[in-house]
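Descriptive structure summary
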Protein chains: 2
Amino acid sequence: MTSDPPRKPHHHGNLRAALIQSGLEILAESGLSKLTLRACAARAGVSHSAPAHHFGGLPGLLTAIAGRGFEIFADTMNAARRDADPAPRAQLIAICRGYMDFAEAHPALFTLMFNTPARLAPDDAFVAAADAAYDVLADTCAPFEPVTDDPRSTEMMVWALVHGLASLLQGGRFKPENDRMDMPDFEAILPPLPLRADP
Amino acid sequence: MTSDPPRKPHHHGNLRAALIQSGLEILAESGLSKLTLRACAARAGVSHSAPAHHFGGLPGLLTAIAGRGFEIFADTMNAARRDADPAPRAQLIAICRGYMDFAEAHPALFTLMFNTPARLAPDDAFVAAADAAYDVLADTCAPFEPVTDDPRSTEMMVWALVHGLASLLQGGRFKPENDRMDMPDFEAILPPLPLRADP
DNA sequence: AGGAAATCTTGACAATGTCTAGTTTGGTGA
DNA sequence: TCACCAAACTAGACATTGTCAAGATTTCCT
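For the structure given in this document, a descriptive report is provided here. From a predicted model like this one, the values you see are computed outputs, not experimental measurements.

Counting buried positions along helix 6 (residues 107-115) of chain B gives eight out of nine residues, so the element sits mostly inside the fold. Considered for burial, the residues of helix 6 of chain B that qualify are A108, L109, F110, T111, L112, M113, F114 and N115 of chain B. Buried residues along helix 6 of chain B sit in contact with helix 6 (107-115) and helix 8 (153-171) of chain A together with helix 1 (15-30), helix 4 (58-82), helix 5 (88-105) and helix 8 (153-171) of chain B.

Structure (structure tokens):
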């Protein structure tokens, strides 16, 4: 009827993307507890059972939202890396700061991505997005000598360290004397990491 | 009436403890998603609204269960420390292993304790139990020189590292080539930590 | 144009947390 | 001893949530 082709295909067009966006907004505005199937549907302007046709059910929707989160997560870390000194250790510290920035900027999304595995139903797209985020950090760790005989040990150690920091700070598990818990001093916290010998 | 005084005070006696125990069992047997108010009540043999009189509501019950979890958590780490070589670094590695052991032995409880802060309503008892567990690790880190100017930086670094490892391994976020993800080599992963100069 | 498939709506259902009112129990004081 | 009272627990109802079945509407292919 109307003459705006991309505006409202009247079967809503791309409900899938709209529902994911609604979920991200609810997460940012009201937290994880308010992220329900029906709330996402209402925000997108559709009935409460419309999401099931695109995501199967709640786990599918949450997985899609978390997958989108991993994309944003990788973007955040990549942006931090781009703006930093190209020296390997500076790059690594920038990645860590990007990691913390994301956790602080999107706490509820961060929780959904990492702390509620039982509520998700990982599919190929989700695994790909999560792996892509992992690879950003792994690439940044590649110049360094592994800390054990496992070639991935540096990534694991750094990832665990920064993830633990972000997770514990967000959960408020650190002692209250912590006045400024915003950004740890990664230069001091990260151990000395010698560069690999062979290129 | 009957002659077994501790058995059944018939107003159930200590429903509070029974509900916490039921919650721990449900958590161990069926996971976090099955841990509901009504399931705990049914397992303890009381009506579905009995728990509210002792815990206020679901958040109160979950908090009490998580608080009990922190007690078990501290016990696990203390036991690991007792059985280890008394040298500071050996003590620290033992604590880390105890941490991982707990996470592996009680995955759902671990998730409740650390990954669902929005569902808990921390009270004094909970904070005390969580702090006590923190202190076990802090005491073990005390012999070492802080890694930054913050005197608590060593505890934070070690706690974050081991928590990140436990959390990521449990969430299955590490790459699949990880055949034996059971217990990391903390001797290699933990950075060299010089002892404090002054006692 | 016509029909098939995708998309979305409506209505119902079971499960859950919470609230209110009522019932039972155990202790305490006259 | 016994009556009373507060605590402990039950019973029922209600709103919210996720899921499912059935039907209506739109889009697309031929």
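From this point on, the discussion continues.
Moving on: the interface of chain B and chain A. On the side of chain A, 32 residues touch chain B, which itself brings 31 residues to the contact. Carbon and sulfur atoms supply 66% of the area that chain B and chain A bury against each other, a total of about 3,100 Å² over both sides. Counting across the interface, chain B meets chain A through zero salt bridges. Connecting chain B to chain A are zero residue pairs in polar contact (both at pLDDT 80 or more). Elements with a contribution of two residues or more to the side of chain B that touches chain A: helix 6, helix 7 (124-141), helix 8 and helix 9 (186-189) of chain B. Top element by residues in the side of chain B that touches chain A is helix 8 of chain B. It accounts for ten residues.

Going through the model one piece at a time under the given rule, you end up with eight salt bridges over all chains. Among the ionic pairs, E29 of chain B bridges to R43 of chain B, the shortest N-O distance being 2.8 Å. Of this pair, E29 of chain B sits in helix 1 while R43 of chain B sits in helix 2 (residues 37-44); the two residues are 14 residues apart in sequence, bridging distant segments of the chain. We classify R43 of chain B as partly exposed; its relative accessible area is 37%. Residue R89 of chain B is joined to E187 of chain B by a salt bridge in which the shortest nitrogen-to-oxygen separation is 2.9 Å. Of this pair, R89 of chain B sits in helix 5 while E187 of chain B sits in helix 9, and the two are 98 residues apart along the sequence. Each member of the salt-bridge network shares a partner with another, and the members are E25, E29 and R43 of chain A.

Evaluation of the coordinates by the stated rule reveals 26 aromatic pairs over all chains. Taken together, a centroid distance of 6.3 Å and an interplanar angle of 65° make the contact between F70 of chain B and F73 of chain B edge-to-face. Of this pair, F70 of chain B and F73 of chain B both sit in helix 4, three residues apart, which is roughly one turn of that helix. Neither F70 of chain B nor F73 of chain B differs from the other in exposure class; each is buried. Taking 4.8 Å as the distance between ring centres and 85° as the angle between the ring planes, the aromatic pair formed by F73 of chain B and Y99 of chain B counts as edge-to-face. With F73 of chain B in helix 4 and Y99 of chain B in helix 5, this pair connects stretches of sequence that are 26 residues apart. We classify F73 of chain B as buried; its relative accessible area is 0%. Through successive ring pairs, a cluster of aromatic residues spans F70, F73, Y99, F102, F110, F114, F126, Y134 and W159 of chain A.

Take the packing of helix 7 (residues 124-141) of chain A against helix 8 of chain A next. For any two helices packed against each other, the geometry comes down to the angle between their axes and how far apart the axes lie. Residues and elements named next belong to chain A. Direction vectors running N to C along helix 7 and helix 8 enclose 115°, while the axes themselves pass 9 Å from each other. Judged by the twist between their axes, the crossing of helix 7 over helix 8 is right-handed. Where helix 7 approaches helix 8, its residues A133, Y134, L137, A138 and C141 are matched on the opposing element by T154, E155, V158 and W159. Across the contact of helix 7 with helix 8, the residue classes tally to seven nonpolar, one polar and one charged.

All right, on to the relation of the copies chain B and chain A then. For the pair chain B and chain A, the relating rotation is 180°, the translation along its axis is 0.0 Å, and the fit reaches an RMSD of 0.0 Å. These values place the two chain copies in the arrangement generated by a two-fold rotation axis. Most of the interface of chain B is mirrored in chain A: 100% of its interface residues are interface residues there too.

It is worth spelling out the nonpolar core at this point. Membership of the largest hydrophobic core comes to 124 residues, with the highest contact counts inside it found for F73, Y99 and L112 of chain A together with F73, Y99 and L112 of chain B. The residues touching F73 of chain B, leaving out its near neighbours within four places in the chain, are Y99, F102, M113, F114, A133 and W159 of chain B.

Here the focus is the side chain of H163 of chain B. Following the sequence through the fold, H163 of chain B ends up in helix 8. The residues contacting H163 of chain B, other than those within four sequence positions of it, are G164, S167 and L168 of chain A together with Y99, F110 and F114 of chain B.

Quick notes on the rules
- Residues numbered from 1 in each chain as written.
- Chains lettered and ligands numbered in written order.
- Predicted model: local features only at pLDDT ≥ 70, side-chain atom pairs only at ≥ 80, totals over all residues.
- Heavy atoms only, no water.
- Buried < 20%, exposed > 50% of the residue type's maximum accessible area, 1.4 Å probe, protein only.
- Helix = DSSP H or I, 4+ residues; strand = E, 2+ residues; numbered from the N terminus.
- Contact = heavy atoms within 4.5 Å.
- Buried area = accessible area lost by both parts, 1.4 Å probe.
- Salt bridge = Lys/Arg side-chain N within 4 Å of Asp/Glu carboxyl O.
- Polar contact = N/O pair within 3.5 Å; in protein donor to acceptor, adjacent residues only side chain to side chain.
- Phe/Tyr/Trp six-rings, centres within 6.5 Å; stacked < 30°, edge-to-face > 60°.
- Axes fitted to C-alpha atoms, helices over the stretch in contact; angles between N-to-C directions.
- Left-handed = near helix turned anticlockwise from the far one by under 90°.
- Nonpolar A, V, L, I, M, F, W, Y, C, P; charged D, E, K, R; others polar.
- Least-squares fit on C-alpha atoms with pLDDT ≥ 70 in both.
- Core = buried A, V, L, I, M, F, W, Y, C linked by side-chain atoms within 4.5 Å.

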